[in-house]
Amino acid sequence: RPRVLSGIQPTSGSFHLGNYLGAVRQWVALQESHDAFYMVVDLHAITVAQDPAELRANTRFAVAQLLAAGVDPERCTVFIQSHVPEHAQLGWVMNCLAGFGEASRMTQFKDKSARHGADRTTVGLFTYPMLMVADILLYQADQVPVGEDQRQHLELTRNLAERFNSTYGETFTVPDPYILKETAKIYDLQDPSSKMSKSTANPKGLINLLDEPKTTAKKVKSAVTDTDTVIRFDRAEKPGVSNLLTIYSTLTGASVPELEQKYEGKGYGALKTDLAEVMVDFVTPFRTRTQEYLDDPETLDSILAAGAEKARAVAAETLALTYDRMGLLPAK
Ligand code: AQP
């Protein structure tokens, strides 16, 4: 079975709809056909300031949400990044392989550092992509299911894997991004030209899966559309309506043309009311399941312990091979 690896940050308490539709949903599907490794990336989270108690709680929240979404520890390996020390170790190797210039071209770093200002931008935020490269290469992943915003980091991963292989001999699998066109980028409900993001300016544009269902319905109903009335998928001319159609289609399985037909002659109000109901039907059981996992910390801990052990077995082998290829003297 081909291998997949992916990670999600534990920083915002609740996953948002972009995380779910762009990534986690694919994780659930891929565990059926792939040897899958999924992790909560707490070492990535600390590239920006974190309150320790909140980080601890959010990490548990993240695991509970993955399980609630259908990630099944019987079918895949679920673990916490910091439980596998090889991530930080191979991350250092990747820092030593990447050029300062190529790392400086990462647009996510440029955007985030501009937002934080130089004094609040950590060196860790700059080296984040090289840690992500290590995350992926440690597991010799063939594919990496992510949203569009991670494409450049995947390109860096391929470049560094190829560079290492050509310098030191075949060591790493060169991975492909797994990005589904339809859901690669879910947009902010209030500003449908930018991606839905936890660091969005307007919280009304962000659907958190753990929000009160009433709040979710309200946000859907006040989504920005346009001054026209026709319900048609057209990313350039009708970004707001197109985003709603994408969300609706993915959550229900109805195709976009089917939805366009269903709403022919009807107004945006009808579309939003129905989508609000679809969203509420989705988040209500999701919240209940998440809470059930949170209420059973022993089960959660034993899933994570088993996951870390399985992940470490693979990661340790790759790290030992990497060190050896580079000429680091093995400890006797
Ligand atoms: N809007 C989105 N559409 C599709 N996919 C998305 N992802 C994130 N936003 C969208 C994908 O979710 C996965 C986890 O990403 P992350 O761990 O980076 O989560 P995040 O930090 O919560 O993402 P944000 O909201 O984008 O935060 P900022 O902007 O603060 O970094 C990834 O596969 C990502 O592609």
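Residues numbered from 1 in each chain as written. Predicted model: local features only at pLDDT ≥ 70, side-chain atom pairs only at ≥ 80, totals over all residues. Heavy atoms only, no water.

Looking at an unreviewed UniProt entry, one finds the protein chain named Tryptophan--tRNA ligase and attributed to Streptomyces drozdowiczii. A UniProt comment under Subcellular location (unreviewed entry) is attached to the protein chain, and it reads "Cytoplasm". (UniProt positions renumbered as here; feature names shortened; annotations may be inferred.)

Here we take up the overall build of the protein chain. Counting its regular elements, the protein chain contains 13 helices and 5 strands. Over its C-alpha atoms the protein chain spans a radius of gyration of 21 Å, differing by no more than 12% from the 20 Å that the globule rule assigns to 332 residues. For the C-alpha atoms alone, the extent of the protein chain along its principal axes is close to 75 × 45 × 40 Å. A total of 332 residues make up the protein chain; the buried ones form 50% of that total. Considering only contacts in the protein chain between residues 6 or more positions apart, those separated by 24 or more positions represent 75%. Carbon and sulfur atoms make up 52% of the accessible area of the protein chain, which totals about 15400 Å². The protein chain carries 35 positive and 42 negative side-chain charges, and their two centres are separated by 3 Å. (Helix = DSSP H or I, 4+ residues; strand = E, 2+ residues; numbered from the N terminus. Rg over C-alpha atoms; globule rule 2.2 N^0.38 Å. Buried < 20%, exposed > 50% of the residue type's maximum accessible area, 1.4 Å probe, protein only. Contact = heavy atoms within 4.5 Å. Areas by Shrake-Rupley, 256 points an atom, 1.4 Å probe, with all protein chains shown as cover. Lys, Arg positive; Asp, Glu negative; His and termini not counted. Charge placed at Lys NZ, Arg CZ, Asp CG, Glu CD.)

Another aspect to go through is a negative patch on the surface. A surface patch of like charges, here negative, comprises Glu-292, Asp-295, Asp-296 and Glu-298. Examined against the element boundaries, Glu-292 turns out to sit in helix H12 (residues 268-294). (Patch = residues over 30% accessible without salt bridge, like charges linked within 9 Å, V, L, I, M, F, W, Y side chains within 5 Å. Salt bridge = Lys/Arg side-chain N within 4 Å of Asp/Glu carboxyl O.)

Looking now at the site of the ligand. Inspection of the region around the ligand gives 21 residues, with His-16, Asp-149, Lys-195, Lys-198 and Ser-199 positioned closest. One of the side-chain N or O atoms of His-16 is found 2.6 Å from an oxygen atom in the ligand. A total of 660 Å² of accessible area belongs to the ligand in isolation, and the protein chains cover 96% of it. No other element matches helix H1 (residues 17-30), which puts 4 residues into the shell around the ligand. Here the shell around the ligand is composed, by residue class, of 6 nonpolar, 10 polar and 5 charged. (Near = heavy atom within 4 Å. Polar contact = N/O pair within 3.5 Å; in protein donor to acceptor, adjacent residues only side chain to side chain. Nonpolar A, V, L, I, M, F, W, Y, C, P; charged D, E, K, R; others polar.)

Topologically, Asp-35 is positioned in strand E2 (residues 35-40). According to the relative accessible area criterion, Asp-35 is partly exposed, its value standing at 27%. Each C-alpha atom of the pair Asp-35 and Pro-203 lies 36 Å from the other, and the pair is 168 residues apart in sequence. Beyond its immediate stretch of four places on either side in the chain, Asp-35 contacts Arg-1, Pro-2, Arg-3 and Val-4.

When charged atoms on two side chains of opposite charge get close, those side chains can pair. For the structure on display, the rule yields 14 salt bridges. In this structure, Arg-163 and Glu-102 form a salt bridge, with 2.6 Å as the shortest nitrogen-oxygen distance. Taken together, the residues span a long stretch of sequence, with Arg-163 in helix H8 (residues 151-168) and Glu-102 in helix H5 (residues 100-104) at a distance of 61 residues. In this structure, Glu-212 and Arg-287 form a salt bridge, with 3.7 Å as the shortest nitrogen-oxygen distance. Taken together, the residues Glu-212 in the loop between strand E5 (176-178) and helix H9 (213-221) and Arg-287 in helix H12 connect sequence positions 75 residues apart. Owing to a relative accessible area of 24%, Arg-287 belongs among the partly exposed residues under this scheme. Among the charged side chains, a salt-bridge network with shared partners connects Glu-32, Asp-72 and Arg-75.

Glancing now at the side chain of Thr-11. In this fold, Thr-11 is placed in the loop between strand E1 (3-8) and H1. Looking at Thr-11, the relative accessible area reads 14%, which means it is buried. Those residues in contact with Thr-11 that lie beyond four places of it in its chain are Ala-45, Gln-50, Asn-58 and Lys-198.

In this structure, Leu-17, Tyr-38, Leu-66, Leu-209, Ile-247, Leu-275 and Met-279 are the most contacted members of the largest nonpolar core, which totals 55 residues. Ranked by the residues each element gives to this core, the list is headed by H12, at 9 residues. When near neighbours in sequence (up to four residues on either side) are disregarded, Leu-66 contacts Ile-8, Phe-15, Val-24, Trp-27, Val-40, Val-71 and Val-78. Among the nonpolar cores identified, the runner-up in size contains 39 residues, and Phe-79, Met-106, Tyr-139 and Phe-164 belong to it. (Core = buried A, V, L, I, M, F, W, Y, C linked by side-chain atoms within 4.5 Å.)

One non-glycine residue, Gln-140, lies in the positive phi region at around 50°. Note on placement: Gln-140 falls in the loop between helix H7 (123-138) and strand E4 (143-145).

So, on to the packing of aromatic side chains. What characterises a pair of aromatic rings is the spacing of the ring centres plus the angle enclosed by the ring planes. In the structure shown here, the tally under the stated rule is 10 aromatic pairs. Ring geometry for Trp-27 and Tyr-38: centres 4.6 Å apart, planes at 10°, overall stacked. Of this pair, Trp-27 sits in helix H1 while Tyr-38 sits in strand E2, and the two are 11 residues apart along the sequence. With a relative accessible area of 0%, Trp-27 lands in the buried category. Owing to a relative accessible area of 0%, Tyr-38 belongs among the buried residues under this scheme. A network of ring pairs unites the aromatic residues Tyr-20, Phe-282 and Phe-286 as a single cluster. (Phe/Tyr/Trp six-rings, centres within 6.5 Å; stacked < 30°, edge-to-face > 60°.)

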